[in-house]
Amino acid sequence: AEKLASYLIMDWDAVEREKEMEKHLEQDTKPADRTLLLAFPKASSSPEAMEYLKERGLKASMVEEYGLRWDSERCRVLFPVLDRDNQFWGAAGRSTANQKPPYLNYWMENRRRFALFGEFRWRERTGPIIVVEGPIDALHVAQASKSVLAISTLGSVTYDQLQRIAALASLTKRAVFLWPDRDD
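Thresholds applied
- All residue numbers here refer to positions counted from 1 along the written sequence of the relevant chain.
- Owing to the predicted nature of the model, reporting of local features is limited to residues with pLDDT of at least 70; listing and counting of side-chain atom pairs is limited to 80 or more, with chain, interface and lining totals taken over all residues.
- Side-chain metrics rest on all non-hydrogen atoms present in the structure, leaving aside hydrogens and water.
- The numbering of helices and of strands both runs from the N terminus, where a helix is a DSSP run of H or I of at least 4 residues and a strand a run of E of at least 2.
- Three labels apply to residues, based on accessible area from a 1.4 Å probe with only protein chains included: buried if under 20% of the type maximum, exposed if over 50%, partly exposed otherwise in between.
- Should any heavy atoms of two residues lie within 4.5 Å, those residues are considered in contact.
- Surface exposure here means Shrake-Rupley accessible area, sampled with a 1.4 Å probe, where a residue is shielded only by the protein chains that are shown.
- For this analysis, a nonpolar core means a set of buried residues of the types Ala, Val, Leu, Ile, Met, Phe, Trp, Tyr and Cys, connected via side-chain atoms within 4.5 Å.
- Per residue, pLDDT captures the predictor's confidence, and it can take any value from 0 to 100.
- The span one expects for a helix is its residue count, reduced by one, times 1.5 Å.

A. Looking closely at the overall build of the protein chain. Along its length, the protein chain carries seven helices and seven strands. The buried share of the protein chain, taken over its 184 residues, is 46%. Nonlocal contacts in the protein chain, meaning residues at least 24 apart in sequence, comprise 63% of its contacts between residues at least 6 apart. Approximately 9,900 Å² of the protein chain is accessible, and the part contributed by carbon and sulfur atoms is 53%.

Below, the structure is given as structure tokens:
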């Protein structure tokens, strides 16, 4: 409980740190070329991908809304990662064939530590921010409520991601709830 409480304490000076982080990002990580994403067909065009996502409880409308893609060569559904300015940073690829590792990430260099899936929906979804680990979990939350902003940390949480979440909460004046997985 103490560990969880330390994550829930919001640092309201995060806006200044976010500005500094943005300066650093501008220097080191320009927005990725979207051709990486566009090289893969939409997941909705693949019966295999859609069957997998349906089995996981996701509706076709969510697949379209979040722009999921399909890497047929590696049998992975791709979850595009866009920042709050709708800039493409990479994608998280979830295996549909029980491959190891389950997630294979498609990142441009230096981007992973800042990445948050779902962040780009902050303008349309005006409710509280719910932070989960995986992108499928985020889509389940978003599917359940059209007002909640569901964000995935794409696995373990980094300090830089917490700073982005704190800055977004400060900018939007929204409550943040962490919903970690039950595993260690």
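B. Expanded view of the nonpolar core. Membership of the largest hydrophobic core comes to 33 residues, with the highest contact counts inside it found for L53, Y66, L68, V77, F79, F117 and L139. Of all the elements in the fold, those that place two or more residues in this core are α4 (47-55), α5 (60-65), β2 (76-82), β3 (88-95), β5 (129-132) and α6 (135-144). With five residues, the top contributor of residues to this core is α6. Every residue in contact with F79, bar those within four places of it in the chain, is listed here: L68, G90, A91, A92, R94, F117, P135, I136 and L139. If you look at the next biggest cluster of nonpolar residues, it comprises 10 residues, including V131, I151, L168 and A169.

C. Fine view of the confidence of the model for the protein chain. Mean pLDDT over the protein chain works out to 81, with 77% of the residues at or above the 70 mark. Looking at the elements of the protein chain, mean pLDDT is at its lowest for helix α1 (residues 2-8), recorded as 43, and at its highest for α4, recorded as 97. Here residues 1-12 scores under 50 on pLDDT; set against residues more than four positions off or in separate chains, the count is 11 contacts. In this model residues 24-31 is a low-confidence stretch, pLDDT under 50, and it forms 14 contacts with partners more than four residues away in sequence or in other chains.

D. Here's a closer look at helix α7 (residues 159-172). The terminal C-alpha atoms of α7 lie 20 Å apart, and with 14 residues this matches the ideal 20 Å at 1.5 Å per residue to within 8%. Counting buried residues in α7 gives 11 out of 14 residues, a clear majority hidden from the surface. Taken together, the buried positions of α7 are occupied by D160, Q161, Q163, R164, I165, A166, A167, L168, A169, S170 and T172. Just beyond α7, the residue with positive phi is K173, at close to 60 degrees.

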